[in-house]
Amino acid sequence: TCALPILQQAVADAQKEFQEKSANMSDQEKSDYYQQTQQRLQQKQQELIEPIQKSVEESVKSVADAKGLTVVIDKNAVVYGGTDITQDVIKKISK
């Protein structure tokens, strides 16, 4: 499942709900309600991202172990050398 459309829908729903419920609120009440809404959205985002992150980490470990690698770093941090396992990890995740 792709988390992005679910998260986008949650944001759209939260915006609609905020507009409806905050119409007659004071500025302070709106501010408090906005903070609560932001916290709910952050929690939803974490719920959606956590299983994806776990899958990526497990796939990276599996590919690294199979290739005999002891350290894996983000390719943006590499100036020179190393073994790029990105495509192998993507294949592993896609299974």
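Residues numbered from 1 in each chain as written. Predicted model: local features only at pLDDT ≥ 70, side-chain atom pairs only at ≥ 80, totals over all residues. Heavy atoms only, no water.

## Things to note about the packing of aromatic side chains
- Counting across every chain of the model gives two aromatic pairs.
- With a centroid separation of 5.6 Å and an interplanar angle of 10 degrees, the aromatic rings of Phe-18 and Tyr-33 are classed as stacked. Of this pair, Phe-18 sits in helix α1 (residues 3-21) while Tyr-33 sits in helix α2 (residues 27-67), and the two are 15 residues apart along the sequence.
- According to the relative accessible area criterion, Tyr-33 is buried, its value standing at 11%.
- Arranged with centres 6.0 Å apart and planes meeting at 80 degrees, the rings of Phe-18 and Tyr-34 form a pair that is edge-to-face. Here the residue Phe-18 occupies a position in helix α1, and Tyr-34 occupies one in helix α2, the gap between them amounting to 16 residues. (Phe/Tyr/Trp six-rings, centres within 6.5 Å; stacked < 30°, edge-to-face > 60°. Helix = DSSP H or I, 4+ residues; strand = E, 2+ residues; numbered from the N terminus. Buried < 20%, exposed > 50% of the residue type's maximum accessible area, 1.4 Å probe, protein only.)

## Section: the environment of Ile-93
- Structurally, Ile-93 is set in helix α3 (residues 86-94).
- Assessed through its relative accessible area of 34%, Ile-93 is described here as partly exposed.
- Through-space distance from the C-alpha of Ile-93 to that of Lys-67 is 16 Å; in sequence the pair is 26 residues apart.
- Aside from chain neighbours lying at most four places away, what touches Ile-93 is Ser-55, Val-56 and Ser-59. (Contact = heavy atoms within 4.5 Å.)

## A word on the confidence of the model for the chain
- When pLDDT is averaged along the chain, the result is 91; 99% of the residues meet or exceed 70.
- Confidence, expressed as mean pLDDT per element, reaches its minimum in the chain at α1 with 88 and its maximum at α2 with 93. (pLDDT = per-residue confidence, 0-100.)

## Quick look at the layout of surface pockets
- The volume enclosed by the largest pocket comes to roughly 380 Å³.
- As for the largest pocket, its lining consists of 17 residues, and the residues nearest its centre are Val-72, Ile-73, Lys-75, Thr-83 and Ile-85.
- Looking at the lining of the largest pocket, the elements that each hand over two or more residues are α2 and α3.
- Across the lining of the largest pocket, the residue classes break down as nine nonpolar, five polar and three charged. (1 Å grid on protein atoms, 1.4 Å probe; cavity = no way out; pocket = protein on both sides within 12 Å on 5 of 7 lines; lining within 4 Å. Points joined across faces, edges and corners; volume = space filled by probe spheres on them. Nonpolar A, V, L, I, M, F, W, Y, C, P; charged D, E, K, R; others polar.)

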